[in-house]
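Breakdown of the fold
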Amino acid sequence: MEKERKNYVAHCLVLPYPAQGHINPMLQFSKRLVQRGVKVTLVTVVSNWKTMSNKNFTSIEVESISDGYDDGGLAAAESLEAYIDTFWRVGSQTLAELVQKLAGSSHPPDCVIYDAFMPWPLDVAKKFGLLAATFFTQTCTTNHIYFHVYKKLLELPLTQTEYLLPGLPKLEAGDLPSFLNKYGSYPGYFHVVVNQFSNIDKADWVLANTFYELEQGVVDWLVKIWPLKPIGPCLPSIYLDKRLQDDKEYGVSMYNPNTEACIKWLDDKPKGSVVYVSFGSMGGLNEEQTEELAWGLRDSGSYFLWVIRDCDKGQLPKEFVDTSEKGLIVSWCPQLQVLTHEALGCFLTHCGWNSSLEALSMGVPVIAMPQWTDQITNAKLIKDVWKIGVKAVADEKEIVRRETITHCIKEILETEKGNELKKNATKWKNLAKNYVDEGGNSDKNIAEFVEELAQRCAALN
Ligand code: UDP
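Figured I'd write up the structure that's included with this text. (Residues numbered from 1 in each chain as written. Predicted model: local features only at pLDDT ≥ 70, side-chain atom pairs only at ≥ 80, totals over all residues. Heavy atoms only, no water.)

1. With respect to the site of the ligand
We apply this condition: Any residue with at least one heavy atom within 4 Å of a molecule or strand is counted as near it. Pairing of N or O atoms within 3.5 Å defines a polar contact, subject to two protein rules: one partner must be a possible hydrogen donor and the other a possible acceptor, and residues neighboring in sequence count only if both atoms are side-chain atoms. Residue exposure ignores everything except the shown protein chains as possible cover, and the areas themselves are Shrake-Rupley values with a 1.4 Å probe. Only runs of H or I of at least four residues qualify as helices and only runs of E of at least two qualify as strands under DSSP, and these elements are numbered from the N terminus. Ten residue types, Ala, Val, Leu, Ile, Met, Phe, Trp, Tyr, Cys and Pro, are classed as nonpolar, four, Asp, Glu, Lys and Arg, as charged, and the remainder, Gly among them, as polar.
In the vicinity of the ligand there are 19 residues, among which S281, C333, N354, S355 and E358 approach most closely. Between a nitrogen atom of the ligand and a main-chain N or O atom of C333, the distance comes to 2.7 Å. One of the side-chain nitrogen or oxygen atoms of S355 is found 2.6 Å away from an oxygen atom of the ligand. Contact with the protein chains hides 92% of the accessible area of the ligand, taken as 540 Å² for the molecule alone. Elements with a minimum of two residues in the shell around the ligand: α2 (20–35), β10 (274–278) and α14 (353–362). The element contributing the most residues to the shell around the ligand is α14, with four residues. Partitioned by chemical class, the residues of the shell around the ligand number seven nonpolar, eleven polar and one charged.

2. With respect to the layout of surface pockets
As a reminder of what qualifies: Here a cavity denotes a set of grid points, spaced 1 Å apart and computed over the protein atoms alone, in which a 1.4 Å probe fits but from which it cannot get out, and a pocket denotes an open set meeting protein on both sides within 12 Å along at least five of seven lines; residues with an atom within 4 Å of a point are reported as lining. Grid points are joined across faces, edges and corners, and a volume is the space filled by probe spheres set on the points.
Here the second largest pocket is characterised by a volume of approximately 540 Å³. Those elements that provide at least two residues to the lining of the second largest pocket are β13 (344–349), α14, α16 (402–414) and α17 (416–436). The leading source of residues in the lining of the second largest pocket is α17, at seven residues. For the lining of the second largest pocket, the residue count by class is eleven nonpolar, ten polar and six charged.

3. Observations concerning unusual backbone geometry
Our working definition: Burial here depends on accessible area, computed with a 1.4 Å probe over protein chains only, as a share of the maximum for the residue type. Under 20% is buried, over 50% is exposed, and the range in between is partly exposed.
Here the residue pair L156 and P157 is connected by a cis peptide bond, since its omega of -5 degrees sits within 30 degrees of zero. Mapped onto the elements, P157 comes out in the loop between α6 (140–150) and β6 (162–163). A cis amide bond links G232 with the next residue in sequence, P233, at an omega value of 0 degrees. By secondary structure assignment, the location of P233 is in the loop between β9 (228–230) and α10 (259–267). Within the chain, T373 stands out as a residue other than glycine whose phi angle is a positive 50 degrees. Inspection of the secondary structure puts T373 in the loop between β14 (366–368) and α15 (375–385). Owing to a relative accessible area of 9%, T373 belongs among the buried residues under this scheme.

4. Observations regarding empty space enclosed by the protein
Taken as a whole and assessed by the stated rule, the structure comprises two cavities of 30 Å³ or more. Roughly 90 Å³ of volume is contained in the largest cavity. Looking at the lining of the largest cavity, its residues break down into five nonpolar, four polar and two charged. Here the second largest cavity is characterised by a volume of approximately 70 Å³. Around the second largest cavity, the lining residues are Q28, F29, R32, I231, P233, C234, L235, V436, S442, D443 and I446. Of all the secondary-structure elements, those providing two or more residues to the lining of the second largest cavity are α2 and α18 (441–460). Split by residue class, the lining of the second largest cavity holds seven nonpolar, two polar and two charged.

Nothing here speaks to function; it is geometry throughout.
Here's what the structure looks like:
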């Protein structure tokens, strides 16, 4: 047993929340750990893992635990609240069983790296005397805001029009995550994001999928209260430092990408001419918004590649489907390949954190069309702090009108301002690469994490 143990620095169980935007960065980080001699077991949820495709990664083992809904996951639950309640309870038990099972193996776990959305793996880890690292899959900015709510330093419902929190730029109430500025919407998720901090003081490390320069002020503030290490961007290495061999994609996918169709279609479009449109893995524009977006894209006269989830396709106006010869509509695409394709002009995005970080890391200017949750705050940072995009502003009915969409597209693709945004995006792309490349701040933080992990494991064993 001892002999095999010496083959690796430590054994980490990595537990993402079962959603594409959470699995992607945690799996990428896992690959960086493996490169440094850490053994990693990805712990997935039975219901989620069954439906994932393209499981293309080696050197990482996979074990599954139960969320209490092995046939269907969240979709099978009566409500989000019921799902979370059951998952948190059943997950704790089944993770404890897994830790016990592995404790008797030749590779017992030393550390649990868990998604900050789920605080309970930390308690399980500590019960078994293991080390624990919490992993933020959202920005430090958003988490800092939620932490203020947790500490009751930010009063809800919101009472001010502007907020000045330490380390952050001035934020209007409307720039705060939707769970705060629409207090009472999605109480289940509100509970999740605020309770990320319920036991964080017991975590041995706090890892964040960001890089220092992106969120300097807030990182400087948070390192004073938590053992925080920014380790991002957690993207396949080929798009950044190219130091991980064959690391071309995240490695798992909730949906099957229409790769060939997308790339073939992009290949014969002029350089910088295509608007890529995606609202992430959750989808969910309403019918009126889908229609406005459709006509806005058509009226811009630009080529567009639009990802629409199958369940939402019925919302497209029929005449639009018949006449949209400048567009390609797919149900899922290889987003990273699309963002780096020469034909790409800009990215109209919901501003999910992974999509935002991918745009920043690939030097793509953005049209921000946030819908809910942290996307609202990410859009503010994209426009006013990182200055890589414009915001498609919604009207009083919360619909972004077709004229606005057409205007934003033209502004990015045809004006000097668009060139400036592209230049800024290129600056961030170079910085992102430098941060994960050898000797960059994120690279050093990962090295430091592994070193500390090794020392702490040696002290425990
Ligand atoms: N994505 C993809 N193909 C698509 C749409 C999205 O591969 O057609 C990936 C995208 O690259 C990103 C993730 O799905 O890594 C979505 O995460 P994000 O945080 O942007 O949004 P969420 O799905 O969590 O709302």
